[in-house]
Amino acid sequence: MTTEPEHTDPVPDLTIPLSTADAKALGDDVGQLAMRFGAVLHGLAQLRAGGASTEDLATTVLMSNGLINRLEGIRDAAVRQHVAQGGSYGALATSVSVTRATAQSRRDTLLKKEPSEMEQWATHGD
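Sequence order sets the numbering: in each chain, residues are counted from 1 along the sequence as written. Restriction of local features to residues with pLDDT of at least 70 applies here, the model being predicted, together with a cutoff of 80 or more for giving and counting side-chain atom pairs; totals for whole chains, interfaces and linings are based on all residues. Calculation of side-chain values draws on the structure's entire complement of heavy atoms; hydrogens and water are dropped beforehand.

Here's the deal with a nonpolar patch on the surface
Patches here are clusters of residues that have more than 30% relative accessible area and form no salt bridge, with a 9 Å joining cutoff for like charges and a 5 Å cutoff for nonpolar side chains (Val, Leu, Ile, Met, Phe, Trp, Tyr). We get accessible surface area from the Shrake-Rupley algorithm with a probe of 1.4 Å; when it comes to residues, only the shown protein chains can shield them. Should a side-chain nitrogen of Lys or Arg be within 4 Å of a carboxyl oxygen of Asp or Glu, the pair is scored as a salt bridge. Among the surface-exposed residues, L14, I16, L18, L26, F37, L41, L44, L47 and L57 lie close enough to one another that they form a single nonpolar patch of about 770 Å² accessible area. At 4 residues, the largest contribution of residues to the nonpolar patch is made by helix α2 (residues 29-49). Among the secondary structure elements, L41 is positioned in helix α2. For the exposure calls, accessible area comes from a 1.4 Å probe over protein chains only, and a residue counts as buried if that area is under 20% of its type's maximum, exposed if over 50%, partly exposed in between. In this structure L41 comes out as partly exposed when scored by relative accessible area, which is 35%. The secondary structure listing takes helices from DSSP runs of H or I that are at least 4 residues long and strands from runs of E that are at least 2 residues long, numbered from the N terminus.

Quick look at the structure:
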């Protein structure tokens, strides 16, 4: 008796739709973010399949950390600009699924600090 493989479809390419203007504004960061995201997805696949080496796991941690840091910078820059444009606590609370009071506290805490290196990267691309 022969058994068929569980999955025979080819793995699709991952496409992230960006307008030409968006890609131009992001410059070389597009490639860096895509590389990190791809590495994190590969690490996730290894975690689910089992058998990843300690080197593989360390790479997943490294790439995840780099991606998380950048995402936090993007989020913080967006919150700061939300404030600058007169965004409400209520709208911010809705966007992060927390209470208005929690959103106010988080926003106020962020505004008391200088922008982080990753927040500066998010707004200036340096």
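Remarks on the packing of α2 against helix α3 (residues 54-84)
At a closest axis distance of 9 Å, the pairing of α2 and α3 adopts a crossing angle of 135 degrees. One finds that α2 runs oblique with respect to α3. Remark: the crossing between α2 and α3 carries left-handed chirality. Residue-level contacts link L33, M35, R36, F37, A39, V40, G43, Q46 and L47 of α2 to D56, L57, T60, L62, M63, S64, G66, L67 and R70 of α3. Polar here means any residue outside two lists: the nonpolar Ala, Val, Leu, Ile, Met, Phe, Trp, Tyr, Cys and Pro, and the charged Asp, Glu, Lys and Arg; Gly therefore counts as polar. Taken together, the residues that form the contact of α2 with α3 break down as 10 nonpolar, 5 polar and 3 charged. For helices, the axis comes from a line fit to the C-alpha atoms of the stretch in contact; other axes are also lines fit to C-alpha atoms, and the angle between any two N-to-C directions lies between 0 and 180 degrees. Geometric relationships in this document are graded by angle, where less than 35 degrees denotes roughly parallel, more than 145 denotes roughly antiparallel, 65 to 115 denotes roughly perpendicular, and other angles denote oblique. Here is the rule for handedness: rotate from the far helix to the near one, and if that takes an anticlockwise turn smaller than a right angle the crossing is left-handed, while a clockwise turn gives right-handed. Whether two residues are in contact is decided by their heavy atoms: any pair within 4.5 Å suffices.

What about the nonpolar core?
Buried Ala, Val, Leu, Ile, Met, Phe, Trp, Tyr and Cys residues form a nonpolar core when they are joined through side-chain atoms within 4.5 Å. Core analysis: the biggest nonpolar cluster contains 5 residues, these being V79, L92, A93, A103 and L110. Among the elements of the structure, α4 (89-96) and α5 (100-111) are those that each provide at least two residues to this core. Setting aside its immediate chain neighbours within four residues, A103 contacts Y89, L92, A93 and V98.

Side note on helix α6 (residues 117-124)
Burial in α6 covers these residues: M118, E119 and W121. On an axial view of α6, the arc spanned by its buried residues comes to 155 degrees, and they lie on one face. Turned more than 90 degrees off the buried face of α6, the exposed positions are E117 and H124. In this fold, the buried residues of α6 make contact with α2, α3 and α5. Within this analysis, the arc is defined by the directions that extend from the helix axis to the C-beta atoms.

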